[in-house]
Amino acid sequence: MQWTSLNDLREKYLAFFESKGHIRLPSYPLVPINDKSLLLINSGMAPMKKFFTGEEIPPRNRVTTCQKCIRTPDLERVGHTARHGTFFEMLGNFSFGDYFKDQAIPWAWEFLTETLEIPKDLLWPSIYENDEEAYEIWVNKVGVDPAHVVRLGKADNFWEHGSGPCGPCSEIYFDRGIKYGCGSPDCKPGCDCDRFMEIWNNVFSQFNNDGNGNYTELAQKNIDTGMGLERLACVMQGVDNMFEVDTIRKVIDNVCAISGKTYGANANNDISIRVITDHSRSAMFMIADGVIPSNEGRGYVLRRIIRRACRHGKLLGIDHPFLVETVTTSIGESKGAYPELEEKKDYILKVISMEEERFDATVDAGLSILSDLINAALSDHSDVISGEDVFKLYDTYGFPIDLTREIAEESHLKIDEETFNALMKAQKQRAREARANI
């Protein structure tokens, strides 16, 4: 098991499954194609849903990809922990009615233990509690010690999302060592501690759920494999979290050079450094795939991400536009796998620069006023900032409510969103009436 760069891991994985008869497809764009159910692509299989349902014919029945993904439900948590991020890459090998468990499981084991040379005794497969077929393959065909095969329940090892194709999962966990554990002699995958890290998930799509909990066998059984590239890199590089992985660490070091701060020296600074690092990567890929900052939809997600990074730059004491620098570093680390980043570099940097300048033009006055409002609320022993004040910040200074909310929460305050929403609704009504009278 040797230290391996993130970029080399990506190539090793894709080349391995090419050798198993898979066609390598480039990552689909982050903007879904002919799919209104998603704002942004959030998993490796999401762009290929119609291949799984049979609505479209795949280019081959065996496909492998490294898919760009964005997830933002925990946006406010990004930076506060070393686990949360908005952008990640998902490695995947997929079978559309071709091979099934008897090949997917041994190939996963072969890649991890032979290609990457991860010691077998550090890997623990899990199976759905009554999936005897998977158990037999792991123990009798692959040769895994039965004591290392863990049975988990439906919440952990059965993939379904409402009605439609679904099935049991078989995950593979990496044992990070007792120093990450809870101390229990029974500690194993499924424990809430940090000792066992899931690095591979085979989903066996073999049933159809009619939406009422009735399951029937699918005529075409599929394989949907997902593995976080950054998480695998953590294992192969012996680091604790995604921000320590080589390509991401380069961006962190760039943020530190710009701000004059040292990562790991101050907890609050570390939060801001992680926010800027993650958001620089997300914004870069979103812009390359055609998203532009706006006040709605995916454009609003991008605007939030850029403005949140800008604000954390100010918290680090950066007094000039800087995101062009961090994004340039990130482009340099990822352009080999994603040549569109270099091709669109000038455009990406222009969009970033314009949005940062737009934010800087309004944010300072708003931050000063919000600081006064927070201090006043704390002095009055209140835990709420009024909806009228939040609306004034938005309406007069262009200060977004999500940023007001996040800053208030850092001081353990809430905002009166009900009143804010009522004022917003009234303003929109007045605007409609004014347009009607023109």
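**Examining the pairing of strand S3 (residues 87-96)**
Here comes step 1: Where burial is concerned, most of S3 is hidden: 10 out of the 10 residues are buried.
Here comes step 2: Here S3 shows two buried faces, one formed by Phe 87, Glu 89, Leu 91, Asn 93 and Ser 95 and the other by Phe 88, Met 90, Gly 92, Phe 94 and Phe 96.
Here comes step 3: Where strand S2 (residues 62-70) and S3 come together, nine bridges link them in antiparallel fashion. Paired with Thr 64 across the two strands is Asn 93, which belongs to S3.
Here comes step 4: Strand direction decides the pairing type here: S3 and strand S9 (residues 215-228), joined by five bridges, are antiparallel.

**Observations concerning the nonpolar core**
Here comes step 1: Counting 101 residues, the largest nonpolar core has Phe 111, Leu 112, Trp 200, Leu 232, Met 286 and Ile 385 as the members making the most contacts within it.
Here comes step 2: At 10 residues, helix H12 (residues 345-379) tops the list of elements feeding residues into this core.
Here comes step 3: By size, the runner-up hydrophobic cluster in this structure holds nine residues, among which are Tyr 28, Phe 51, Phe 52 and Phe 96.

**Notes on the environment of Ser 353**
Here comes step 1: With respect to the helices and strands, the residue Ser 353 is situated in helix H12.
Here comes step 2: Put simply, Ser 353 and Asp 319 are 34 residues apart on the chain and 14 Å apart in space, counted from C-alpha to C-alpha.

**As for the environment of Ala 376**
Here comes step 1: Counting through the fold element by element, Ala 376 comes out in helix H12.
Here comes step 2: What makes Ala 376 partly exposed here is its relative accessible area of 36%.
Here comes step 3: Residues Ala 376 and Gln 67 lie 309 residues apart in sequence; the distance between their C-alpha atoms is 47 Å.

**Quick look at the packing of aromatic side chains**
Here comes step 1: Taken as a whole and assessed by the stated rule, the structure comprises 22 aromatic pairs.
Here comes step 2: Between Phe 16 and Phe 17, the ring centres sit 4.9 Å apart and the planes meet at 85°, which makes this aromatic pair edge-to-face. Accessibility classification places Phe 16 together with Phe 17 in one group, the buried group.
Here comes step 3: Note on Trp 109 and Trp 138: the rings are 5.7 Å apart at their centroids and 80° apart in plane angle, and the pair reads as edge-to-face.

**With respect to the pairing of strand S7 (residues 164-175)**
Here comes step 1: Burial runs high along S7: 11 of the 12 residues are buried.
Here comes step 2: In this sheet, S7 lies alongside strand S4 (residues 123-128) in antiparallel orientation, the contact comprising five bridges. Paired with Trp 124 across the two strands is Tyr 173, which belongs to S7.
Here comes step 3: Note: strand S6 (residues 158-159) against S7, two bridges, orientation antiparallel. Pairing of Phe 158 across the sheet is with Pro 168, part of S7.
Here comes step 4: Two successive antiparallel strands, S6 and S7, enclose a turn made up of four residues, where Gly 162 displays a positive phi of approximately 70°.
Here comes step 5: In this sheet, strand S8 (residues 196-209) lies alongside S7 in antiparallel orientation, the contact comprising 10 bridges. If you follow Pro 165 over to S8, its bridge partner there is Asn 208.

**Some details on helix H6 (residues 229-237)**
Here comes step 1: Judged by how many residues are buried, H6 sits mostly within the fold: eight of nine residues are covered.
Here comes step 2: What H6 keeps buried is the set Leu 229, Glu 230, Leu 232, Ala 233, Cys 234, Val 235, Met 236 and Gln 237.
Here comes step 3: Positive phi appears at Gly 238, one or two residues downstream of H6, with a value of about 65°.

**Let's talk about the pattern of salt bridges**
Should their charged atoms come close, side chains of opposite charge can pair.
Here comes step 1: This model, assessed by the stated rule, comprises 30 salt bridges.
Here comes step 2: When the shortest N-O distance is used, the salt bridge between Lys 68 and Asp 289 registers 3.0 Å. Of the two residues, Lys 68 sits in strand S2 while Asp 289 sits in the loop between helix H8 (267-288) and helix H9 (297-315), which places them 221 residues apart along the sequence.
Here comes step 3: By relative accessible area, which is 2% here, Lys 68 ends up buried.
Here comes step 4: Sharing partners across several salt bridges, the network here consists of Arg 303, Arg 307, Glu 355 and Arg 358.

Parameters and conventions
- Within each chain, residue numbers correspond to sequence positions counted from 1 in written order.
- Only residues with pLDDT of 70 or above have their local features reported here, since the model is predicted, and side-chain atom pairs are shown and tallied only from 80 upward, although totals for entire chains, interfaces and linings are computed over all residues.
- With hydrogens and water excluded, all non-hydrogen atoms of the structure serve as input to the side-chain values.
- Note on exposure labels: buried denotes an accessible area under 20% of the residue type's maximum, exposed denotes more than 50%, and partly exposed covers the range between, all computed with a 1.4 Å probe on protein chains only.
- Each helix corresponds to a stretch of at least 4 residues labelled H or I by DSSP, and each strand to a stretch of at least 2 residues labelled E; elements are numbered beginning at the N terminus.
- The rule for pairing is simple: two strands pair if DSSP sees at least two bridges between them.
- Throughout, nonpolar core names a set of buried Ala, Val, Leu, Ile, Met, Phe, Trp, Tyr and Cys residues whose side chains join them through atoms within 4.5 Å.
- Here a pair means two rings of Phe, Tyr or Trp (six-membered ring of Trp) with centres within 6.5 Å. Their orientation is stacked below 30 degrees between planes, edge-to-face above 60, and tilted elsewhere.
- We define a salt bridge as a contact between a side-chain nitrogen of Lys or Arg and a carboxyl oxygen of Asp or Glu at a distance within 4 Å.

So yeah, pure geometry; function would need other evidence.
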